[in-house]
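Here is how the chains run, residue by residue.
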Amino acid sequence: MLFKHKSLVKVDMADLEVEKENLANFLLSQFKLNSSITPKGLELNMEDVPTYSLARMVKKFVYHKNLNNTHWVNVENNVVKINRFKGTTKKKEQHKKSMPHQNITQSWGL
């Protein structure tokens, strides 16, 4: 039992590169969970937290950061994934402001 392999719970958040450190800090401050940052997301020791409990914590983070309109959380085996909804790319719409039509009394001035 000296070389027992530690089972890991992974958080896959490839879509949210900039939020990895924020999620790690959130888990540490709110739930006292240490995590390590990987290229795809985070890794936590399974002995510290079960997968479904971690999924609830990640959902709280997504809601706290107001990402719940664009992202959703899914659990597969020992992986908690943060996925983006389809068709949620931000599109900037420029509204053309046209001059309001003037009626005869406005154009002559009163």
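Keep in mind the model is a prediction, meaning the values are calculated, not measured.

Criteria and cut-off values
- Residues numbered from 1 in each chain as written.
- Predicted model: local features only at pLDDT ≥ 70, side-chain atom pairs only at ≥ 80, totals over all residues.
- Heavy atoms only, no water.
- Phe/Tyr/Trp six-rings, centres within 6.5 Å; stacked < 30°, edge-to-face > 60°.
- Buried < 20%, exposed > 50% of the residue type's maximum accessible area, 1.4 Å probe, protein only.
- Helix = DSSP H or I, 4+ residues; strand = E, 2+ residues; numbered from the N terminus.
- Pairing = 2+ DSSP bridges.
- Contact = heavy atoms within 4.5 Å.
- Axes fitted to C-alpha atoms, helices over the stretch in contact; angles between N-to-C directions.
- Core = buried A, V, L, I, M, F, W, Y, C linked by side-chain atoms within 4.5 Å.
- Salt bridge = Lys/Arg side-chain N within 4 Å of Asp/Glu carboxyl O.

Caption draft 1: Layout of the packing of aromatic side chains. Following the criterion strictly, the structure yields two aromatic pairs and no others. Ring centres of Phe-26 and Phe-31 lie 5.9 Å apart, and the angle between their planes is 75°; on these two criteria the pair is classed as edge-to-face. Using a relative accessible area of 13% as the deciding quantity, one classes Phe-26 as buried. Take Phe-31: its relative accessible area is 27%, and that puts it in the partly exposed class. When the centroid spacing of 5.5 Å and the interplanar angle of 55° are considered together, the rings of Phe-26 and Phe-61 count as tilted. Here the residue Phe-26 occupies a position in helix α1 (residues 20-31), and Phe-61 occupies one in helix α2 (residues 51-64), the gap between them amounting to 35 residues. Per residue, the accessibility class of Phe-26 equals that of Phe-61, and both read buried.

Caption draft 2: Just the sheet that holds strand β3 (residues 41-45), in detail. On the basis of which strands lie adjacent, the open sheet formed by five strands has the order β2-β3-β1-β5-β4 and mixed pairing. Because the sheet does not close on itself, it has two edges, and the strands there are β2 (36-37) and β4 (71-76). Along the sheet face, α2 touches β1 (8-12), β3, β4 and β5 (79-84) and points at about 175° away from the line of β4.

Caption draft 3: View of the pairing of β5. Alignment of β1 against β5, held across three bridges, turns out to be parallel. Bridge pairing links Lys-10 to Val-79 in β5. Sheet topology note: the β4/β5 ladder contains six bridges and is antiparallel. Among the inter-strand pairings, Val-75 is bridged to a residue of β5, identified as Val-80. Connecting the antiparallel pair β4 and β5 is a turn made up of two residues, with Asn-77 showing a positive phi of about 55°.

Caption draft 4: Highlighting the nonpolar core. Counting 23 residues, the largest nonpolar core has Val-11, Leu-23, Leu-27, Leu-44, Leu-54, Val-58 and Val-80 as its most contacted members. Taken together, the elements giving at least two residues each to this core come down to β1, α1, β3, α2, β4 and β5. With six residues, the top contributor of residues to this core is α2. Setting aside its immediate chain neighbours within four residues, Leu-23 contacts Val-11, Met-13, Leu-42, Val-58 and Phe-61.

Caption draft 5: Expanded view of the pattern of salt bridges. Applying the stated criterion across every chain yields a total of four salt bridges. Measuring nitrogen to oxygen at the nearest pair gives 3.0 Å for the salt bridge that ties Arg-84 to Asp-15. Of this pair, Arg-84 sits in strand β5 while Asp-15 sits in the loop between β1 and α1, and the two are 69 residues apart along the sequence. Look at Asp-15 and you get partly exposed, because its relative accessible area is 37%. A salt bridge links Lys-20 to Glu-17; its shortest N-O distance comes to 3.3 Å. We classify Lys-20 as buried; its relative accessible area is 6%. Relative accessible area serves as the criterion here: at 45%, Glu-17 is assigned to the partly exposed category.

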